[in-house]
Amino acid sequence: MIRLLLWVLGGTLLGGIVHLATVLILPSLATQDAYSRLAPIAPVNAVTPLPPPTAETAAIPFLDPAFAISVCRYDLTEGPIKLSVPVSPAYTSVSFYTRSEVAYYAINDRAAGRRVIELDLMTNEQRGDLPGDEEVTAADRLIVESPTLTGLILIKALAPEAGMLPAARSALAGARCQVQHPQ
Amino acid sequence: MRLLLGTLLALTIAAGIGLGATWFAITQGTAYGGVTIGAWTAWPRVGTAGIDPYARAMVARSGELPVGSGDGVAFYARGDDAGRPLDGRCDTALEGITPQARYFTVTLYDPEGKLVANAVSRQGFTSQELMRRTDGTFEIMIGPRARPGNWLPTGGIERYLLVLRLYDTPIGLATRSGREAPMPTIAQKACP
C-alpha cells in the first residue's frame with residue numbers, strides 16, 4: 001500500500017516536471033504561431049502590406065481592423081537592418097517581435113517625435129562591431145537591439161474613420177526595411 | 001514485475017497530470033499579472049520582454065501578436081459586469097468612459113479571434129467614430145438587430161468577446177485599479 005502511494009507520489013512529481021517542460025518547449029514547437037503564418041506571405045527583409053482582416057480571412061487572429069498593417073520579416077544574418085516608416089496623419093506605431101513572438105520593443109510616432117520613424121535594428125554583437133566614432137556622430141540614430149537573428153516587425157497606421165483606411169495604407173507604402181551593408 | 005507495474009503507473013500519472021495541466025493552462029487563459037477592471041482584463045506584461053512562459057505558450061498556440069507596451073494595451077472582456085458570458089443573441093450595452101489614451105478602438109471577435117461577418121461590415125469602433133453624449137460618455141449597443149446610434153452587430157453568434165485597445169496611453173504595467181483606469185460598463189439586457 002505504501003509502495004503504491006510512493007509510486008503515485010513519484011508520478012505526480014514527474015507530472016509537474018512534464019507540465020513545466022511542455023509549457024517551456026511549446027513556443028518552439030508551435031507550427032501555427034504568427035511567424036509561421038506570416039512566413040509564406042512575407043518575404044525576408046521587405047515590407048509587405050497585410051490584407052485587411054475580414055470575417056473569412058485574416059493573416060493572424062486578433063488583428064485590429066481599424067489599422068492598415070504592414071509586416072517586415074527580418075533576418076539579421078547579413079547585417080543590421082535600416083527601418084524607415086513615414087508617419088500617417090493619425091497614429092503610427094512600430095512593434096518588434098522575436099522569432100517566438102516576444103514583443104521586445106515598440107515605439108509610436110509621438111515617442112519618435114519626427115515625421116519619419118527611423119531605426120537601426122541589430123543584434124547585440126553587431127552593435128559591438130560599430131566603430132566607436134560612428135556611434136558618437138550618429139547620436140540621433142535610434143538603435144534597437146534584437147535578441148534573436150530573425151523576427152517580425154509590425155508597422156501599423158490607424159484609420160480613425162473607415163474612409164481613411166486608403167490614406168493610412170498609402171502612408172505605409174513608403175515604409176522601408178532593408179539590410180544596411182550587404183556583404 | 002512489481003517494479004515494472006509501478007513504473008508504468010507513475011509514468012501514466014506523470015503524463016496525465018503534466019499534459020493535462022499544460023492543456024488546461026494554455027486553453028483556459030491562466031497568464032500571470034492580469035489587471036482586471038470590471039468585466040475587462042489586460043495583461044500588460046504580455047507586451048514586454050518580461051512575458052511569462054504561460055503567456056508565451058498561449059500566444060504561440062493562438063498565433064496572435066500581442067500589443068507591444070510601447071504601442072498600447074489591450075483589455076479583453078468575455079463576460080458582462082455580472083459575470084454572464086457574452087451572448088451574441090442578446091442585446092448588450094457598453095457604456096461609460098475609457099481611460100486616457102490618444103486613440104482607442106473597440107472590436108468584436110469570435111472566441112478564435114476572427115472578425116464576425118455582418119451586413120453593415122462593422123466590426124468595431126474607433127474613438128473618433130463614436131457618437132457621444134454632451135458629457136463625453138458614449139453608449140455602444142451590441143446585438144443581432146440594428147439599433148440607432150452606435151450599433152455593433154454580433155451576427156447572432158453564440159459566444160463573442162470584446163477587445164478594447166488603448167493606444168499611446170499611460171495605462172500599463174503600473175495600473176492597478178479602476179480609479180486610474182475608468183472602464184466602460186457592460187450590461188447584457190434582453191436575451192431571447
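Preceding this section is the structure that the text describes.
**Topic: the pattern of salt bridges**
Counted by the stated rule, this structure contains 15 salt bridges over all chains. In this structure, B:D168 engages A:R110 in a salt bridge whose closest nitrogen and oxygen atoms are separated by 3.2 Å. Here A:R110 lies in helix α3 (residues 109-112) and B:D168 lies in the loop between β9 (161-167) and β10 (185-188), a pairing that spans two chains. In this structure B:D168 comes out as buried when scored by relative accessible area, which is 14%. Residue A:R110 is classed as exposed on the basis of its relative accessible area, which comes to 54%. What you see here is one network of salt bridges that share partners, running through A:D109, A:R110, B:R102 and B:D168.

**A few points about the packing of aromatic side chains**
Under the definition given, this model contains 10 aromatic pairs over all chains. Taken together, the ring pairs in this structure connect A:F62, B:W43, B:Y76 and B:Y109 into an aromatic cluster. The positively charged end of A:K156 is found above the aromatic ring belonging to A:F67, 4.8 Å away from the centroid. Its guanidinium or amino end placed over the ring of B:F125, B:R122 lies 4.2 Å from that ring's centre, counting from NZ or CZ.

**What to know about the environment of A:T77**
Residues and elements named next belong to chain A. The residue T77 is located in the loop between β2 (67-75) and β3 (81-86) in this model. In this structure T77 comes out as exposed when scored by relative accessible area, which is 57%. A C-alpha to C-alpha distance of 9.3 Å links T77 and T123, two positions 46 residues apart in sequence. Side chain to side chain, T77 and D75 meet in a polar contact 2.3 Å long.

**What about the state of the cysteines?**
Under the defined criterion, the tally for this structure stands at two disulfides over all chains. Between the sulfur atoms of A:C72 and its disulfide partner A:C177 the distance amounts to 1.9 Å. Of this pair, A:C72 sits in strand β2 while A:C177 sits in strand β9 (residues 176-179), placing them 105 residues apart in sequence. Residue classification places A:C177 among the buried positions, given a relative accessible area of 3%. In this model, B:C90 is linked to B:C191 through a disulfide, with the two sulfur atoms separated by 2.0 Å.

**Side note on the packing of helix α1 (residues 2-28) of chain B against helix α2 (residues 53-62) of chain B**
All names here are of chain B. Relative to each other, α1 and α2 sit at 75°, their axes nearing to 9 Å. Relative to α2, the element α1 is oriented roughly perpendicular. Residues A25, I26 and T27 of α1 touch α2, and the partners they reach there are Y54, A57, M58 and R61. Broken down by class, the residue content of the contact of α1 with α2 amounts to five nonpolar, one polar and one charged.

**Quick look at a nonpolar patch on the surface**
Taken together, the side chains of A:M1, A:I2, A:L4, A:L5, A:L6, A:V8, A:L9, A:L13 and B:L9 define a hydrophobic patch exposed on the protein surface, amounting to about 920 Å² of accessible area. Of all the elements, helix α1 (residues 2-29) of chain A adds the most residues to the nonpolar patch, at seven residues. Summarising the element assignment, A:L9 is placed in helix α1.

Basis of the calculations
- Residues numbered from 1 in each chain as written.
- Chains lettered and ligands numbered in written order.
- Predicted model: local features only at pLDDT ≥ 70, side-chain atom pairs only at ≥ 80, totals over all residues.
- Heavy atoms only, no water.
- Salt bridge = Lys/Arg side-chain N within 4 Å of Asp/Glu carboxyl O.
- Helix = DSSP H or I, 4+ residues; strand = E, 2+ residues; numbered from the N terminus.
- Buried < 20%, exposed > 50% of the residue type's maximum accessible area, 1.4 Å probe, protein only.
- Phe/Tyr/Trp six-rings, centres within 6.5 Å; stacked < 30°, edge-to-face > 60°.
- Lys NZ or Arg CZ within 6 Å of the ring centre and 35° of its normal.
- Polar contact = N/O pair within 3.5 Å; in protein donor to acceptor, adjacent residues only side chain to side chain.
- Disulfide = S-S within 2.5 Å.
- Axes fitted to C-alpha atoms, helices over the stretch in contact; angles between N-to-C directions.
- Parallel < 35°, antiparallel > 145°, perpendicular 65-115°, else oblique.
- Contact = heavy atoms within 4.5 Å.
- Nonpolar A, V, L, I, M, F, W, Y, C, P; charged D, E, K, R; others polar.
- Patch = residues over 30% accessible without salt bridge, like charges linked within 9 Å, V, L, I, M, F, W, Y side chains within 5 Å.
- Areas by Shrake-Rupley, 256 points an atom, 1.4 Å probe, with all protein chains shown as cover.

The analysis is restricted to geometry; functional conclusions fall outside its scope.
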